[in-house]
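Descriptive structure summary
Each chain is listed here by its residues.
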Amino acid sequence: GDPQILYNLSGRPIFIGLGSILFYLGLIVCVWRWKRPAYAFMLIWLVVTLLPNMVTAPAPFFYRAIAAQTPVAVMPAIATVAIGAGVQRMGGAKRSRLANATVFMIAIFALGQTAITTWHDYFDVWGNDQEVRFQYSADYAEIAAALKASPDTTPVAVSGYFVEDADPIIFTQALNRSD
């Protein structure tokens, strides 16, 4: 995972549990079927878009790897469909229903696991991290919200730590009062 706290919990991987297994299985399926254009394209897309991130510092850096999002997200789906096709090849009409149920259950479990861990990691942990709150000027957003809710129109001066801060932008957006 990205070591930078700005966009992610430091070191948090993209996929957790079953999602990571499905990612690697999808990668294996693509390598196994590399002679088919769609799978070769996914591998080329993944390597080409990750290469700049691998050769420059700091790595990994999610912001620089944004072009790799699609092939990374598709890998677990490729694995899930391959598993369903494998179950279906085992034979019979009943296997078709079993294959569909298998694909559905894998998808629901992987997405559910990802949703639960992501909710906790980003809303409970990351959003309350003091460094993240500082980087995103949460204190200034709270000051602007308090001023907006107040009926008092006395002039107020608020100053930031650095000239480059986004504080004026935050106040323009969060403190949108005509008075």
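Rules used throughout
- Residue positions are given per chain, counted from 1 along the sequence in the order it is written.
- Thresholds applied to this predicted model are a pLDDT of at least 70 for local features of residues and 80 or more for the giving and counting of side-chain atom pairs; totals over whole chains, interfaces and linings are not thresholded and use all residues.
- The basis for the side-chain values is all heavy atoms of the structure; hydrogens and waters are excluded.
- Each helix is a run of H or I in the DSSP string that is no shorter than four residues. Each strand is a run of E no shorter than two, and both are numbered from the N terminus.
- Every radius of gyration here is taken over C-alpha atoms, with the globule rule written as 2.2 Å times N^0.38, N being the number of residues.
- Residue exposure (1.4 Å probe, protein chains only): buried if accessible area is under 20% of the type maximum, exposed if over 50%, otherwise partly exposed.
- Method for areas: the Shrake-Rupley scheme with a 1.4 Å probe, in which residue coverage is limited to the protein chains shown.
- Residues scored as positive are Lys and Arg, those scored as negative are Asp and Glu, and His as well as the terminal groups of each chain are ignored.
- Charge positions are represented by NZ for Lys, CZ for Arg, CG for Asp and CD for Glu.
- By definition here, a salt bridge exists when the distance from a side-chain nitrogen of Lys or Arg to a carboxyl oxygen of Asp or Glu is within 4 Å.
- Values of pLDDT, ranging from 0 to 100, describe the predictor's confidence in every residue of the model.
- In these notes, a set of buried Ala, Val, Leu, Ile, Met, Phe, Trp, Tyr and Cys residues joined through side-chain atoms within 4.5 Å is what counts as a nonpolar core.
- Contacts are assigned to residue pairs that have any heavy atoms within 4.5 Å of one another.

Thoughts on the overall build of the protein
The secondary structure content of the protein amounts to seven helices and zero strands. From first element to last, N terminus to C terminus, the protein shows the α and β order α-α-α-α-α-α-α. Over its C-alpha atoms the protein spans a radius of gyration of 23 Å, topping by over 25% the 16 Å that the globule rule assigns to 179 residues. Based on the C-alpha atoms only, the size of the protein along its principal axes is roughly 80 × 40 × 25 Å. Classification of the 179 residues of the protein by burial places 26% in the buried group. Within the structure as shown, the protein displays about 12000 Å² of accessible surface, and the carbon and sulfur contribution to it stands at 68%. Counting 12 positive and 12 negative side-chain charges, the protein places the centres of these two groups 32 Å from one another.

A short note on the pattern of salt bridges
Considering all chains together, one arrives at two salt bridges under this definition. Of the charged contacts, one joins Arg12 and Asp121 as a salt bridge, the two residues approaching to 2.6 Å between their closest N and O atoms. Taken together, the residues Arg12 in the segment before helix H1 (18-32) and Asp121 in helix H4 (residues 93-125) connect sequence positions 109 residues apart. We note that Arg12, like Asp121, is buried. The residue Glu142 makes a salt bridge to Arg133 at a minimum N-O spacing of 2.4 Å. Given a relative accessible area of 44%, Glu142 falls into the partly exposed group. A residue is classified by how much of its surface remains accessible, and Arg133, at 21% relative accessible area, is partly exposed.

Some words on unusual backbone geometry
Notably, Ser137 is not glycine yet its phi reads approximately 50°, a positive angle. Positionally, Ser137 belongs in the loop between helix H5 (130-135) and helix H6 (138-149). You can call Ser137 buried: its relative accessible area is 9%.

Considering the confidence of the model for the protein
Considering every residue of the protein, the mean pLDDT works out to 87; 94% of them sit at 70 or more. Ranking the helices and strands of the protein by mean pLDDT puts H1 first, with 97, and helix H7 (residues 167-174) last, with 77.

Quick word on the nonpolar core
Counting 13 residues, the largest nonpolar core has Cys30, Val72, Met75 and Ile78 as the members making the most contacts within it. Non-local contacts of Val72, meaning those with residues more than four positions away in its chain, are made with Ile14, Phe15, Phe23 and Leu46.

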